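# Remarks on the overall topology
Here are the chains, one letter per residue:
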Amino acid sequence: MAFAGRRDVPEPPDFGILKRLARDQLIYLLEQLPGKKDLFIEADLMSPLDRIANVSILKQHEVDKLYKVESRPALGASDQFCFLVRPRIRTMQYIADIINADKMSGRSRKYKIIFSPQKFYACEMVLEEEGVFGDVTCDEWSFYLLPLDEDIISMELPEFFRDYFLEGDHRWINSVARALQLLSSLYGPFGKAYGIGRCAKMSYELWRDLEEESEVEGQGRKPEIGNIFLMDRDTDYVTALCSQVVYEGLVDDTFRIKCGSVDFGPDVTSSDKSIKVLLNAQDKVFSQIRNEHFSSVFGFLSQKSRNLQAQYDRRRGMDIKQMKNFVSQELKGLKQEHRLLSLHIGACESIMKKKTKQDFQEMMKAEHSLLEGFDIRESTSFIEEHIDRQVSPIDSLRLMCLLSITENGLNPKDYRSLKTQYLQSYGPEHLLTFHNLKRIGLLTEQSAGDTLTAMESKVSRLVTDRAAGKITDAFNSLARKSNFRAISKKLGLIPRVDGEYDLKMPRDMAYVFSGAYIPLSCKIIEQVLERRGWLGLEEVVRLLNGNEFAVSDSTVEDNPTWDYQRVILAVFLGGCTFSEIAALRFLGKERGFKFIFLTTAITNSTRMMEAMIETKA
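Residues numbered from 1 in each chain as written. Predicted model: local features only at pLDDT ≥ 70, side-chain atom pairs only at ≥ 80, totals over all residues. Heavy atoms only, no water.

For the protein chain, the name recorded in an unreviewed UniProt entry is Vacuolar protein sorting-associated protein 33B, with Psilopogon haemacephalus as its organism. Database annotation for the protein chain, UniProt heading Sequence similarities (unreviewed entry): "Belongs to the STXBP/unc-18/SEC1 family." (UniProt positions renumbered as here; feature names shortened; annotations may be inferred.)

Pairing between the strands of a sheet comes from backbone hydrogen bonds, and it takes one of two forms, parallel or antiparallel. Strand order in the open sheet made by the five strands is E2-E1-E3-E4-E5, with parallel pairing throughout. Here the strands that pair on one side only, and so sit at the sheet edges, are strand E2 (63-68) and strand E5 (136-140). Within this sheet the neighbouring strands show an average axis-to-axis angle of 20°, counted without direction. Bridge count for strand E1 (residues 37-41) against E2 is four bridges, and the pairing is parallel. Bridged to Leu 39 within E2 is Leu 66. (Pairing = 2+ DSSP bridges. Helix = DSSP H or I, 4+ residues; strand = E, 2+ residues; numbered from the N terminus. Axes fitted to C-alpha atoms, helices over the stretch in contact; angles between N-to-C directions.)

We now examine the sheet that holds strand E7 (residues 152-154). The mixed open sheet is built from seven strands, whose spatial order is E6-E7-E14-E13-E9-E8-E12. With one partner strand each, in any of the chains shown, strand E6 (146-147) and strand E12 (548-552) form the two edges of the open sheet. Looking at chain direction, strand E8 (residues 192-196) and E12 are connected through five bridges and run antiparallel. When the sheet's bridge partners are listed, Tyr 194 is paired in E12 with Ala 550. Packed onto the sheet, helix H23 (residues 520-531) meets E8, strand E9 (227-232), strand E13 (567-573) and strand E14 (594-599) and runs at close to 145° relative to E9. (Contact = heavy atoms within 4.5 Å.)

In this section: helix H6 (residues 159-166). Of all eight residues making up H6, seven are buried, and the element is well covered by its neighbours. Buried residues of H6: Glu 159, Phe 160, Phe 161, Asp 163, Tyr 164, Phe 165 and Leu 166, and no others. (Buried < 20%, exposed > 50% of the residue type's maximum accessible area, 1.4 Å probe, protein only.)

Their axes nearest at 10 Å, the elements helix H17 (residues 393-406) and helix H26 (residues 605-612) cross at an angle of 95°. Viewed along their axes, H17 and H26 adopt a mutual orientation that is roughly perpendicular. For the pair formed by H17 and H26, the contact residues are Ile 394, Leu 397, Arg 398 and Cys 401 on the first element and Ser 605, Thr 606, Met 609 and Glu 610 on the second. Residues belonging to the contact of H17 with H26 are distributed by class as follows: four nonpolar, two polar and two charged. (Parallel < 35°, antiparallel > 145°, perpendicular 65-115°, else oblique. Nonpolar A, V, L, I, M, F, W, Y, C, P; charged D, E, K, R; others polar.)

Attention shifts here to the side chain of Ser 396. Relative to the helices and strands, Ser 396 resides in helix H17. Polar side-chain contacts of Ser 396 include one of 2.9 Å to the side chain of His 386. Each residue touching Ser 396, except ones within four places of it in the same chain, is listed here: Ile 383, His 386, Ile 387, Tyr 422 and Tyr 426. (Polar contact = N/O pair within 3.5 Å; in protein donor to acceptor, adjacent residues only side chain to side chain.)

A few words on the nonpolar core. In terms of nonpolar packing, the biggest core is built from 169 residues, with Trp 141, Leu 183, Tyr 247, Leu 442, Tyr 517 and Leu 569 touching the most fellow members. Apart from residues no more than four positions distant in its own chain, Trp 141 is found in contact with Ala 22, Gln 25, Leu 26, Leu 29, Leu 49, Ile 52, Leu 84, Ile 114, Phe 115, Ser 116 and Pro 117. Ranked by size, the runner-up nonpolar core spans 21 residues in total, among them Tyr 67, Ile 95, Phe 115 and Val 132. (Core = buried A, V, L, I, M, F, W, Y, C linked by side-chain atoms within 4.5 Å.)

So, on to helix H4 (residues 89-105). For H4, spanning 17 residues, the distance from its first C-alpha to its last is 25 Å, which sits close to the expected 24 Å at 1.5 Å a residue. Among the residues making up H4, those that are buried are Thr 91, Met 92, Tyr 94, Ile 95, Ala 96, Ile 98, Ile 99 and Asp 102. Looking at the buried residues of H4, the elements they touch are E1, E2, strand E3 (80-85), strand E4 (110-115), helix H5 (121-129) and E5. At the exit of H4 stands Gly 106, carrying a positive phi of roughly 75°. (Expected span 1.5 Å × (residues − 1).)

Taken as a whole and assessed by the stated rule, the structure comprises 34 salt bridges. Measuring nitrogen to oxygen at the nearest pair gives 3.8 Å for the salt bridge that ties Lys 354 to Asp 267. Placement of Lys 354 in helix H14 (residues 320-357) and of Asp 267 in helix H11 (residues 266-269) is noted, with a sequence separation of 87 residues between them. Since its relative accessible area comes to 32%, Lys 354 is described here as partly exposed. Look at Asp 267 and you get partly exposed, because its relative accessible area is 43%. Among the salt bridges present, the one from Glu 385 reaches Arg 389, with a minimum N-O distance of 3.6 Å. Judged by its relative accessible area of 41%, Glu 385 is partly exposed. (Salt bridge = Lys/Arg side-chain N within 4 Å of Asp/Glu carboxyl O.)

Turning to a negative patch on the surface, a few remarks are in order. Taken together, Asp 97, Glu 128, Glu 129 and Glu 130 make up a surface patch of like negative charges. Relative to the helices and strands, Glu 128 is located in helix H5. (Patch = residues over 30% accessible without salt bridge, like charges linked within 9 Å, V, L, I, M, F, W, Y side chains within 5 Å. Areas by Shrake-Rupley, 256 points an atom, 1.4 Å probe, with all protein chains shown as cover. Lys, Arg positive; Asp, Glu negative; His and termini not counted. Charge placed at Lys NZ, Arg CZ, Asp CG, Glu CD.)

This is the structure we're talking about:
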C-alpha cells in the first residue's frame, strides 16, 4: 500500500443498517413483555437510545411512563416494569430495592431487565444475593455500535478507559470482539489487521476466536472495508492530553459533545433558550469547518455569511414566477443554513471569550514547550502558578501529566512539590487521584525505574532479542515508561519548519496542534500503512512496549487499486479525540484513503482526567 499522491477518496460504507438492527432488536425485546409497561432507562443510555428509537417509537410498543434509573416509580405505576440498563452492580441493587419494596407492600408486578450491550455474571449474582433473581427475566440488547456520523461509530462505553487501563478489568474486551464480529459480518471480511497494545491484541484474538466458532455470515460477500487498525489509548496519552485547536475539538472541550449532539446555551443562541444541535456531515456549515484549525474558522464563517446574503439579495430583481420558485425550492434551505451559521458564529464567539479568560495562549505556549522539550523549568513554573491561582483542577492535573509523560516521569523533588501544591489548592481528598494517575502511568516520579531502564539497555546487548524482550516486559511491569522523547525523535513528531507554519494550507497532520506536534497515534497508523506492516519500526515498537501485530486474511484477494482496500477502520480502545479524527481525515484526503473510526467513546483531556479523579476521603 505504498502511498501515491493525492487520489480520490472512496465512499464509506452505509452504517444506517447498524441503527436499524439495534432498533428492531430493542422493539423485539420490549414486545416480549406484552401489554403496558413502565420503562426505566440508565442515564447514560438515554442519549444513545434517542439516536435509535425516540419516545414515539417506544410509546407505539406500549411503553407507558419513562423513568430515569435511580428515580422512584410513581404510586400509580404500571403492573410491568422494564429496566434498560448497563451491567453495573449499583444498578442491580437499585432494581432489587424496588422489587423488595413491592414485596413488602404486597404489590405484584412483572419485572424484566434488558442489559446493554451484554449481561455479566456479577449482575446475576447480586440479584441472587438480594433474593430477587427468580422474580426477573433477563435479556441482552446487543447494542454495541452507534453511528454518530458517516465515518464515526461509537460503542458509547466511556467507562472502558478506567475499567481496563486503571482497574485491569477485562470484561469489556468481549464487547469489543462482538462489535468487530458484527462489523465483519456486515462489511468484511477485512483483508489486513494491524494493531498495537495489549488490549488491542486480546480483542483481536477473541474476535478471531468468535469468527471461527460461528458460521461466517459474510462469506462470499464483497468486502467494503479493506484494513483494520486497533490501538490502545495508553500507546499515546500525549495526544489526548493536549488542548484541541481544530473546531470540532474546541466545541467538545468547551461545550462537551454528547453522543454526536451539543447543547448550545443562551451565550451562543443570543436568546434565553438553549438549543440541542446534531453535529454531523448533514450540517452544511459544520461539515466545512469541523476539521479546520480555529484560526481559519472566523474567516470562513464571515465569507459564508456574505455568500448567503448575496443569495437572499437575488430576490430583489425576481418576477412573480421566479419568486415562487425561489420560495418553494431555495428559501427553506437558505433559512436553515442561516440558522446554523448564526449558531456556529455564536459558538466561536463563546469559545473566544472563554479561552481569553483562561490565558489560553500562555497555556498553549507551555504545552508546545513540553512537547518540544524546551524551557521545561519555565513550563513547570507556569504549572505551579496555574495551581496556585486555582484556575482549574482539571487543567492543572492535565498539565502535570503532560509534563510527566514528555519527561519520562518527574524528578522526586518536582513531583513532591507539585503534588503538595495541588493538594493545598484543591484539597487533600485528591490523594487518591494521584494514586490513580501514578498507577496508570500518567503522572509518575523518576525512581528505581530509571536504573532499571539503564540496566535493561546493557543487558539487551548481551542476550538474544527474544530474551531481551522478556526482560523488557519484566522491567515494564515494574516501571512503565512513556519514552516519549525517544519516540518523538524516531518518528519526527515535532515538525521542523522554516518560518511560520501555514495553518490555512497545512502540509501535514501537525496542523491539528498548530504545527507543533503530529499526533503519535496517527503517525503510527500512517507509518504502518505505508510499510504494510511493522518492518522498520522495531525500535519504535520496543519503546512502545510491544504487543504489535499484522495479520493478513488469506481468503481476501489483495489488490491495492480496489476501492475497499483504501477504506481503513481505525479502532481506538479507551477513547479517540476529535483532533485524531481530523488528523486522519487530512491524511486520508492526502493519500486517497477513507478512514472509518470505531471508538469505545469520544474522549478528550477533561474526560480522561475526570476518569482518574477520586475525591472520596
